[in-house]
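Close look at the chain arrangement
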Amino acid sequence: MTRPGHLPGCLVLTGTPGAGKTTVSQLVAERLPRAARVDGDVFGLMLVSGRANMIDEQGSWNPGPDGLAQLRLRATAACSTADDFADAGFTPVVDTVVETRAELRYVLGALRVRPLMLVVLCPSLEVARHRNATRAPETRVDYDVAPLARNQRRELGDLGWWLDSGEQTPEQTADLIVAEAARRAAVTADDLERPRPGADRPGFTAGLA
């Protein structure tokens, strides 16, 4: 597969836990001549004390106000880091969970580098659950990823490039992204303003300025 000499802008890889973000983002960055992988989880790990609990009493992903504020803080740090790498001539490859339109709108506004390319890795739930269950314990999540997958599809289903990587090797997925993301994954402010059924979750931006 022919690879471009450079991938302009910022590439954001998202999806549920188990979708393959960490592995694929690393492989994508390795295939580009000048690239940096920006791991959104790293900014959460920097919170040594006072970190909000993102899981509710039922074991579901459900950040409260403190959790939403910290997610925005992490997004701000990831965008700033991505811009710094882009300014130095590196393509930032950001590995993070983007769940809602409000979150993506915030990321687009926080990033200076253009274009923003959004790739949503969307293997079947069975594949994502299997991958999550069989990876290292320290990287495994204990909540059901199905609600997150449904909300991502509802909120972001018309945006970016939804790539079903369930029957591909990570290497095949990375090759495809490098070759086609510039053409298939770009997201603009106008794209985000197209109406979608349902409403954004306002908490990500409301009251967190």
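Up top is the structure.
Residues numbered from 1 in each chain as written. Predicted model: local features only at pLDDT ≥ 70, side-chain atom pairs only at ≥ 80, totals over all residues. Heavy atoms only, no water.

**Concerning the overall build of the protein chain**
Defined as follows: Working definition: helices are DSSP H or I runs of at least four residues, strands are E runs of at least two. Numbering for both runs from the N terminus. C-alpha atoms define the radius of gyration, and 2.2 Å times the number of residues to the power 0.38 defines the globule rule. Note on classification: 1.4 Å probe, protein chains only; a residue is buried when its accessible area is under 20% of the maximum for its type, exposed when over 50%, partly exposed between these limits. Note on areas: Shrake-Rupley with a 1.4 Å probe; residue coverage comes only from the protein chains shown. Neither His nor the chain termini are counted; the positive set is Lys and Arg, and the negative set is Asp and Glu. The atom standing in for a charge is NZ when the residue is Lys, CZ when it is Arg, CG when it is Asp and CD when it is Glu.
Helix and strand content of the protein chain: eight helices and six strands. From first element to last, N terminus to C terminus, the protein chain shows the α and β order β-α-β-α-α-β-α-β-α-α-β-α-β-α. In terms of overall size, the protein chain behaves like a compact globule, its C-alpha atoms giving a radius of gyration of 16 Å where 209 residues would be expected to give roughly 17 Å. Projected onto its principal axes, the C-alpha positions of the protein chain cover 50 × 40 × 40 Å. Going through the 209 residues of the protein chain one by one, you find that 45% of them count as buried. As displayed, the protein chain has an accessible area near 10,500 Å², and 53% of this comes from carbon and sulfur atoms. One way to put it: in the protein chain the 24 positive side-chain charges average out to a point 2 Å from where the 27 negative ones average out.

**Here we look at the pairing of strand 3 (residues 91-95)**
Our working definition: Criterion used throughout: strands pair if DSSP finds at least two bridges between them.
The element strand 3 is largely enclosed, with a buried count of five among its five residues. With burial as the criterion, each face of strand 3 is covered, one bearing Thr91, Val93 and Asp95 and the other bearing Pro92 and Val94. Bridge count for strand 1 (residues 10-14) against strand 3 is three bridges, and the pairing is parallel. Its bridge partner being in strand 3, Val12 is matched across the sheet by Val94. Direction of pairing for strand 2 (residues 35-39) relative to strand 3: parallel, over a ladder of five bridges. Within the sheet, the bridge partner assigned to Val38 lies in strand 3 and is Val94.

**Some words on the pairing of strand 4 (residues 116-121)**
Of all six residues making up strand 4, six are buried, and the element is well covered by its neighbours. In the sheet, strand 1 pairs with strand 4 via five bridges, with the strands oriented parallel. Following the sheet pairing, Cys10 is matched in strand 4 by Leu116. For strand 4 and strand 6 (residues 186-187), the ladder comprises two bridges, and the chain directions are antiparallel. Looking across to strand 6, one finds that Met117 is bridged to Ala186. Pairing of strand 4 with strand 5 (residues 161-163), which is carried by three bridges, proceeds in the parallel orientation. Looking at the pairing, Val119 lines up with Trp161 of strand 5.

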